[in-house]
Structures are given as structure tokens and as C-alpha cells.
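Descriptive analysis of the structure
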Amino acid sequence: MQINEKQLQLVDAQIKRLVKTESYYGKMYAEMGITGCESEEDFRKIPFSSKGDLRNAYPLGIQAVPDEEVVRIHSSSGTTGKPVIIPYTRKDVEDWAKMFARCYEMAGITEKDRIQITPGYGLWTAGIGFQAGCELLGAMAIPMGPGNTEKQLQMMQDLGATVICATSSYALLLAEEINKRGIRKNIKLKKGVIGSERWSDKKREYISRELGIELYDIYGLTEIYGPGIGINCDKQHGMHYWDDYLYIEIIDPATGENVPDGEMGEIVITTLVKEGAPLLRFRTHDMSRIIPGECPCGCKYPRLDIIQGRSDDMFKVHGVNIFPSQVEEILGRVDGVSSEYRVDIAHDDAINRDIIMVTAEADGRVDFAATAANIKSLFKSVLSVTPKVNIVPLQTLPRSEKKTQRVFDHREH
Ligand code: ZN
């Protein structure tokens, strides 16, 4: 998607402000001779920013305002090394809440709703973002945070929560518990706002059906405010994102070149009005695509497709690039198989070949051997990769309240 005139002006203003500061990016741009941005050509010359930069700048190197203007920090831990610290000004915090309230509105949530918030509070951006948006909207926040399923279900029933905010894994766990206890009739939920982890259609259908709710995917990351920068509408044709706060481009993760609208690639985000820690061309490693054209809902905000996975989750076996989402799609086609799975990849020295092993859960009414054979042949026809397949009973694989690791690569790199 081309950057528009208004967005260019905002980027230009951000760069002009940044280079006057002693911040990490201010110094970097000044050294590189980047002093403004007047055209799309100028914009493309701005180097990508990355989580690696933010780690180098730890703890507060990227802060681009004086200390007295910072009202809060958030942190993302990531999987390796030092955490990343993001400082927010009062305006940043307010902007984030405005974007989040817009997300709730897009999902048809109003001030009459009661929103049960299960993502974590604290350094992580999740819980507090859901809460600030809820309060700005005027709805009632039920700030549970994660875990303690017993209490979650009690509050959900006693307070008559109408909206649940959760990761897809936790929403699934709650749906299973509600089902198990036979308390569905006491549940007043109408909508679920689910964090933007990639999840299978099968899991979505299960949660939606068991809880009798409509589901909305909300997008965001700590480095760019947090969750709340985009959400899908009722038409379920991708997530609208707020292009008055952000410019989004999609690149080929290998070459860094922009790909045309509609093509899959890595999401790169530029903040347009952020004060505390502006980021230009930030590589998210989230894989998606811009959906071209107008949404049937009539809303003019552009759309991103549902996140397909992480560019760094992609794994290569027998010369084929595979995303976890493709594994989920295959399993979703097989009768009796749940949405939980595990993939192990190792190198067998004796035959000098990589071995891929897929472990999937199936319910007791299906034949495990036939199910394994079915999955194996689907992998072969869809991905041109032949795995070993192991079927285990339902509820065998671990469920998690956080994002679950499902792919284990045991090869030496
Ligand atoms: Zn729409």
C-alpha cells in the first residue's frame, strides 16, 4: 500500500524531531544523513528497525522525549536475551486507548457491555490495553488477568460478562471447561476479542460454537503501542487497521523488498504520531497481506489479513518452507482430530535425512492408524513432505494460557 501525502508529512515531522534528540534512532538517522522524508523514495531509504535495535538500546535508549514527559513503560520479553523497554507519553497512552476503543466499536461492543479481560497485566501491554480501551468506550471492565479458571467462570456467571478477551488457547480452555461443567446456560457471552496469534479455523469454530459467540481477531504488538491497532469487522474479511496512526507495508522477509497488495509477506509498521518511542519501518516478523479493495462493510480503513504466522516460525523440511498455520489447516480437514498438535524435526545421521514427526490428538471413536495414514497422505499431497505421524488421545498435548510452542526443531544449525 502506497504511503499517502498526509502520512509522509507525519513521517517527515517525526524524523525532524528525532534527529534533534540524543535517542538511539535520532543519532542513527543523523549519522546516516536522514533528516526528513518528502517523498516515497525518501521513505524507502529509511532503514528497517528491529527488535535487535531495541535490545541494543536497552533500557531507555530509544526514548525520544525528556524524562518528565514519560508516564509509563511497557516491556516485551521475547524469546531470547534482553527484554525491550518502550516508553509512553501521556498522548501515546491516550492514543492507544482511542485506537482500542475504536476496535471494540468495530466489533459492535458498546458501553452497555461487560468485558472480562483475561490477558496479563503488568509489564506486558495486553491487559492494560484492553482495560483502557474498555473504560474509554464506557463499558464495564472485569480485570481478571490470566489463570484461575475457577474464578474466571464464577465471575463470568455472577457478573454476566458479555465479552471475553483472551488468547485463542485460553478461550479454548474456557470453552472446554464450560462444556465439561455443563454451565453454558449461565453464560451471557456474546462476543470474544481474541489476541492475534494465528489460530486454526477449527479452533475458531469450536470456541464460537461452544460459547455461542462471535469472534474478533485483534492485532498489535508491544513495540507499536500494544494490542488494539487493528481488528476484524462483522464481514470477517480481514482486520481493519488505523492508518491515521500507522503506515503498514508488506515486504518479502528474505529480500526486504515491498510486495504488491494482496501478496503474503512480513508486516512492517511505521508509527505516525508516537512520541515516547517512535518506530519507523519496524519489522514485526508477523506474516500477512494487505487485502486489496474496499471491505463489504463500507469502512474505509485498510485491511490486513489474519496473521498467518511468524516469519521466524517458518521451518524448512526436505527443501519446503512450512508455516504452522499450514499444519493446522491440514489437521483441520481430518475427522476426529483436535486443533492441538506438535511437530518434531530431527536429522537422522544413519540415512542422512531430516525426519519430521507430527503428533496430533484424535478422539476415541476414530481409528488411530487410519487417521495417521490420512494425515500422512494429506501432508504429501498438500506440502510434498512425508511425515511420521503419531496419534494420541484427546487432552494429551499441553494447553497453555500463553502462546504454545508447537514446533520443535532438534537439528543442529
Ligand atoms: Zn470491514
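Conventions and cut-offs
Residues numbered from 1 in each chain as written. Predicted model: local features only at pLDDT ≥ 70, side-chain atom pairs only at ≥ 80, totals over all residues. Heavy atoms only, no water. Helix = DSSP H or I, 4+ residues; strand = E, 2+ residues; numbered from the N terminus. Rg over C-alpha atoms; globule rule 2.2 N^0.38 Å. Buried < 20%, exposed > 50% of the residue type's maximum accessible area, 1.4 Å probe, protein only. Contact = heavy atoms within 4.5 Å. Areas by Shrake-Rupley, 256 points an atom, 1.4 Å probe, with all protein chains shown as cover. Pairing = 2+ DSSP bridges. Domains from an automatic or database assignment. Buried area = accessible area lost by both parts, 1.4 Å probe. Salt bridge = Lys/Arg side-chain N within 4 Å of Asp/Glu carboxyl O. Nonpolar A, V, L, I, M, F, W, Y, C, P; charged D, E, K, R; others polar. Donors = N, O, S within 2.8 Å, 3.2 Å for Na, K, Ca; no water. Tetrahedral: all angles 85-135°; square planar, octahedral: opposite > 155°, others 65-115°. Polar contact = N/O pair within 3.5 Å; in protein donor to acceptor, adjacent residues only side chain to side chain. Axes fitted to C-alpha atoms, helices over the stretch in contact; angles between N-to-C directions. Phe/Tyr/Trp six-rings, centres within 6.5 Å; stacked < 30°, edge-to-face > 60°. Lys NZ or Arg CZ within 6 Å of the ring centre and 35° of its normal.

Quick word on the overall build of the protein
- In terms of helices and strands, the protein carries 11 helices and 21 strands.
- Taken against the 2.2 N^0.38 rule, which gives 22 Å for 413 residues, the C-alpha radius of gyration of the protein at 22 Å falls within 12% of a compact globule.
- With the principal axes as the frame, the protein shows a C-alpha extent of 65 × 60 × 40 Å.
- In the protein, buried positions account for 54% of the 413 residues.
- Contacts spanning at least 24 positions in sequence make up 65% of the contacts within the protein whose residues lie at least 6 apart.
- Of the accessible surface of the protein, which amounts to about 18200 Å², a share of 50% is contributed by carbon and sulfur atoms.

Structural notes on the sheet that holds strand β5 (residues 163-166)
- Here we have nine strands laid out as an open sheet, ordered β4-β3-β5-β6-β7-β8-β9-β14-β13, and mixed in their pairing. Where the open sheet ends on each side, the last strands, each with one partner, are β4 (140-143) and β13 (290-291).
- Strand direction decides the pairing type here: strand β6 (residues 191-195) and strand β7 (residues 214-221), joined by five bridges, are parallel. Bridge pairing in β7 links lysine 191 to glutamate 214.

Looking at the domain arrangement of the protein
- Entries for the protein in the domain assignment read domain 1 (89-311) and domain 2 (314-409).
- Domain 1 and domain 2 are separated by 28 Å when their C-alpha centres are compared.
- Taken together, the 18 residues of domain 1 in the interface contact 19 residues of domain 2.
- In total, about 1500 Å² of surface goes out of reach between domain 1 and domain 2, with carbon and sulfur atoms giving 49% of it.
- Applying the counting criterion to the domain 1 and domain 2 interface returns zero salt bridges.
- Looking at the side of domain 1 that touches domain 2, the elements that each hand over two or more residues are α8 (168-181) and α9 (201-211).
- When grouped by side-chain class, the residues that make up the side of domain 1 that touches domain 2 number six nonpolar, six polar and six charged.

Examining the coordination of the zinc ion
- Only Cys233 (SG), His240 (NE2), Cys295 (SG) and Cys297 (SG) from the protein coordinate the zinc ion, and they sit 2.1 to 2.3 Å from it.
- Geometry at the zinc ion is tetrahedral, judged from its four donor atoms and the angles of 103 to 114° they form at the metal.
- Spacing between the donor residues of the zinc ion along the chain follows C-x6-H-x54-C-x1-C. Of the two residues, cysteine 233 is situated in the loop between β8 (226-232) and β9 (239-241) and cysteine 295 in the loop between β13 and β14 (303-304); the sequence distance between them amounts to 62 residues.
- Taking the relative accessible area as the measure of exposure, cysteine 295 reaches 5% and is therefore buried.

Quick notes on the side chain of serine 338
- Relative to the helices and strands, serine 338 is located in strand β18 (residues 337-348).
- In this structure the side chain of serine 338 is engaged in a polar contact, spanning 3.1 Å, whose partner is the backbone nitrogen of glutamate 340.
- Within the local environment of serine 338, its side chain forms a polar contact with the side chain of glutamate 361, the two groups lying 2.8 Å apart.
- Not counting residues up to four positions away in its chain, the partners in contact with serine 338 are Glu361 and Leu394.

Considerations on the sheet that holds strand β21 (residues 407-409)
- Taken together, four strands build an open sheet; the order of strands is β20-β19-β18-β21 and the sheet is mixed. Only two strands of the sheet have a single partner each, and these edge strands are β20 (388-393) and β21. Each strand of the sheet is rotated relative to its neighbour by a mean of 15°, with strand direction disregarded.

Let's talk about the packing of aromatic side chains
- This model, assessed by the stated rule, comprises seven aromatic pairs.
- For the pair tyrosine 24 and tyrosine 25, a centre-to-centre distance of 5.2 Å together with 85° between the ring planes defines the contact as edge-to-face.
- Given a relative accessible area of 2%, tyrosine 25 falls into the buried group.
- The ring of tyrosine 88 carries the charged tip of lysine 274 above its face, separated from the ring centre by 4.9 Å.
- Just above the ring of phenylalanine 408 sits the side chain of arginine 342; from NZ or CZ to the centre is 3.9 Å.

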